[in-house]
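# Survey of secondary and tertiary structure
Here is how the chains run, residue by residue.
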Amino acid sequence: MRSSWADLAANSAAENAPTANNANNTQAPSRPVYVPPHLRNRGPTQSAPAPASASSSDKFSAPPLSDNVGSRWAPPPRNDYRGRAAGFGNRTGGGGGGWDRREANPFADQDDSEEPLTQQEQENTGINFDAYEDIPVETSGGNVPPPVNTFAEIDLGEALNQNIRRCKYVRPTPVQRHAIPISLAGRDLMACAQTGSGKTAAFCFPIISGIMTGQPAQRPPRGVRTVCPLALVLSPTRELSMQIHEEAKKFAYQTGVRVVVAYGGAPINQQLRELERGVDILVATPGRLVDLLERARVSLQMIRYLALDEADRMLDMGFEPQIRKIVEQMDMPPAGARQTMLFSATFPKEIQRLASDFLSNYIFLAVGRVGSSTDLIDQRVEYVQESDKRSHLMDLLHAQRANGVQGKQALTLVFVETKKGADALEHWLCLNNFPATTIHGDRTQQERESALRSFKSGNTPILVATDVAARGLDIPHVAHVVNFDLPNDIDDYVHRIGRTGRAGKKGLATAFFNENNSSLARSLQDLMQEANQEVPAWLSRFAARSSFGGGKNRRSGGGRFGGRDFRREGSFSRGGSDYHGAGNSSGGYGASGGYGGGYGGGYGGNTAGPGVTSAWD
DNA sequence: CATAATC
């Protein structure tokens, strides 16, 4: 279980109590004082660097994982980060010198080893590495750093490596193999990769590593309550920000790098307190961040890293002004003076054009979608009149009920177009004895979070959602995504069905199509064709009828990628095999199989051995 | 047109 605020407060109080007595010779306990990351977590009275014997030559023997479970704190590791100034090697966890007085163990909810793996965990280890062997990768931009095959090749430092082990990641995912070296080289990046492909780690690892190795930050002026994060991660929904925060805390555990989240719909005071305890990486939704900036509680002047998750959504009509305000009109260093990383599963080229304002000499990276070419997601389209949708859904749910494992119904995520529609459908499902709940923007944040929890746990195996749940959310074991109402944009469809078939597992996606969705017919047909799905004849007729002009909804890059570098438009010829290697592509490893060998574990199907997992998120 | 995003 996650530590509640009450727990944290209690811990914090307990921690503060003894130090309050010798407040004369140490930092005032009630007022957090900025301490650069490399000086944090040292004993309160240690003002000089540790003796050289504690430096990077010291070996840290990792404790067995089982030592880290339960409620006790993990033993403080020695972060012998290679290349750091010698003598800073003994940041001890919970030392109280910095702003990490006590850091909740984000791995505390890991199972004890004596407890058998839950079915969920067994499935989590069932990564189908074979499915990734032939994922196409395209990079463009000048001087692209070569990809790596293992985490060991990347020098992330011992603390981060240990967290990677704790996460049970054994090797980097395709997007990580390419994106991490690019980011570590200090380059700006625009990356297209399916959600669930390990993007969070792909931008978190370089940020955390960079903060640990970088110059200590300047102290902000005394007495000012403004905090100055070094990295900013923006995402379009509160739940996604929460998820990124949870992940990032694991990666940053005992590195001395502090991650704080801020989003709306929750009391701001608690978030302010967390910020005042210090922040290196701020994960936020745009609205709450603007609020914090206007209150001058946060300043962006020290930002070295900017990451936009679901970047195409962040730059679409609804979000763009807020993002521009944050990135261009506050006090953030300009492109070139910071490192900017944009990630999304889809990247329409109009959005790429907008996004290029935020980037400087960037590298474009596209990693083929995992699910599409390998049929991990079984996509079906059924012709259903509006008036028949409910009974049709009932049929699907009945069928799904039989598929449930261990008496529990398999998780079904039902997307609708409107918030009212979501409430109505949930109500109707409950009336008909289907355990359903709903998540959308008219619900309180508490309701949204409890709906998501209840769905994830299987207590309410049917979740009716608007597009708030379409992107990025990692909900393991969604067996079925139903597009009760199809979206107007094919990219939204891609994101929605991406909630299933995750981490190399199979999933089912059913869409209800009727005349109201004519404008989507062509792009849906194309997408399904590219994914080797069976396209019903009636859909092709719709597509032929409604797409004379080519349509606004055509996908920008073809099937294997969520997008293609818009800087290369013009040299691009559709349908050829000149997909890779054209232009200034980073020759040598772009083509399929050109970097084979990285996944040669020989784990066929979905039955990899326990503990064998990848950094899929 | 909808969806999301501060109070």
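For the structure, see preceding data.
Throughout what follows, the structure given in this document is the object of discussion. (Residues numbered from 1 in each chain as written. Chains lettered and ligands numbered in written order. Predicted model: local features only at pLDDT ≥ 70, side-chain atom pairs only at ≥ 80, totals over all residues. Heavy atoms only, no water.)

Another point: the overall build of chain A. The number of helices and strands found in chain A is 18 helices and 14 strands. Within the span of chain A, comprising 617 residues, buried residues form 58% of the whole. A total accessible area of about 24,500 Å² is found for chain A, and carbon and sulfur atoms account for 49% of it. (Helix = DSSP H or I, 4+ residues; strand = E, 2+ residues; numbered from the N terminus. Buried < 20%, exposed > 50% of the residue type's maximum accessible area, 1.4 Å probe, protein only. Areas by Shrake-Rupley, 256 points an atom, 1.4 Å probe, with all protein chains shown as cover.)

To continue, consider the protein's contact with DNA strand B. Around DNA strand B sit 23 residues, and of these Gly264, Arg288, Lys419, Gly441 and Arg448 come closest. Of what DNA strand B places within 4 Å of the protein, 84% of the atoms are sugar or phosphate. Between DNA strand B and Gly441, the relevant distance is 2.3 Å, taken from a phosphate oxygen to a main-chain nitrogen or oxygen of the residue. Taking Thr466, its side chain carries an N or O atom lying 3.2 Å from a phosphate oxygen of DNA strand B. Ranked by residues supplied to the surface near DNA strand B, first place goes to helix α8 (residues 286-294) with 3 residues. (Near = heavy atom within 4 Å. Polar contact = N/O pair within 3.5 Å; in protein donor to acceptor, adjacent residues only side chain to side chain.)

Quick look at helix α6 (residues 238-252) now. Taking 1.5 Å of rise per residue, 15 residues should cover 21 Å, and α6 covers 21 Å from first to last C-alpha, within 8% of that figure. Two residues or fewer after α6 comes Gln254, characterised by a positive phi angle close to 55 degrees. (Expected span 1.5 Å × (residues − 1).)

All right, on to helix α3 (residues 158-166) then. Taking burial as the measure, the 9 residues of α3 include 7 buried ones, the bulk of the element. Buried within α3 we find Glu158, Ala159, Leu160, Gln162, Asn163, Ile164 and Arg166. For α3, the secondary structure elements touched by its buried residues are α5 (199-213) and α6. Remark: Lys168 follows α3 within two positions and exhibits a positive phi of approximately 65 degrees. (Contact = heavy atoms within 4.5 Å.)

Turning our eyes to something else, we now look at the pattern of salt bridges. A full pass over the atoms with the stated rule returns 29 salt bridges. Where Arg225 meets Glu276, a salt bridge forms, and the shortest distance between an N and an O atom there is 2.9 Å. Placement of Arg225 in the loop between α5 and β3 (231-234) and of Glu276 in helix α7 (residues 268-276) is noted, with a sequence separation of 51 residues between them. Across the salt bridge formed by Arg496 and Glu417, the nearest N and O atoms sit 3.4 Å from each other. Here the residue Arg496 occupies a position in helix α16 (residues 490-497), and Glu417 occupies one in the loop between β10 (411-415) and α14 (419-431), the gap between them amounting to 79 residues. Taking relative accessible area as the criterion, Glu417 reaches 36% and is therefore assigned partly exposed. Each of Lys199, Asp309, Glu310, Asp312, Arg313, Asp316, Arg471 and Asp492 takes part in salt bridges that share partners, so that together they form one network. (Salt bridge = Lys/Arg side-chain N within 4 Å of Asp/Glu carboxyl O.)

Another aspect to go through is the packing of α6 against helix α15 (residues 445-457). Running from N to C, α6 and α15 point in directions that differ by 60 degrees, and their axes come no closer than 11 Å. With respect to their mutual orientation, α6 and α15 come out oblique. The element α6 and its partner α15 pack so that their crossing is right-handed. Seen from α6, the contacting residues are Arg238, Glu239 and Met242; seen from α15, they are Gln445, Arg448, Glu449 and Leu452. Each residue belonging to the contact of α6 with α15 can be placed in one class, and the counts come to 2 nonpolar, 1 polar and 4 charged. (Axes fitted to C-alpha atoms, helices over the stretch in contact; angles between N-to-C directions. Parallel < 35°, antiparallel > 145°, perpendicular 65-115°, else oblique. Left-handed = near helix turned anticlockwise from the far one by under 90°. Nonpolar A, V, L, I, M, F, W, Y, C, P; charged D, E, K, R; others polar.)

Turning to the environment of Leu240, a few remarks are in order. Summarising the element assignment, Leu240 is placed in helix α6. Through-space distance from the C-alpha of Leu240 to that of Gln352 is 22 Å; in sequence the pair is 112 residues apart. The residues touching Leu240, leaving out its near neighbours within four places in the chain, are Ser235, Asp309, Glu310, Arg471, Gly472 and Leu473.

Next up on the list: the nonpolar core. The biggest cluster of nonpolar side chains holds 71 residues, and the ones touching the most others in it are Phe205 and Ile281. The leading source of residues in this core is α5, at 9 residues. Three or more residues apiece are contributed to this core by two domains, here domain 1 (127-216 + 224-367) and domain 2 (377-546). Apart from residues lying up to four places away in sequence, Ile281 is in contact with Ile207, Ile208, Ile211, Ala231, Val233, Val257, Arg258, Val259 and Val260. Membership of the second largest hydrophobic core comes to 40 residues, among which are Leu300, Leu308, Val327 and Phe358. (Core = buried A, V, L, I, M, F, W, Y, C linked by side-chain atoms within 4.5 Å. Domains from an automatic or database assignment.)

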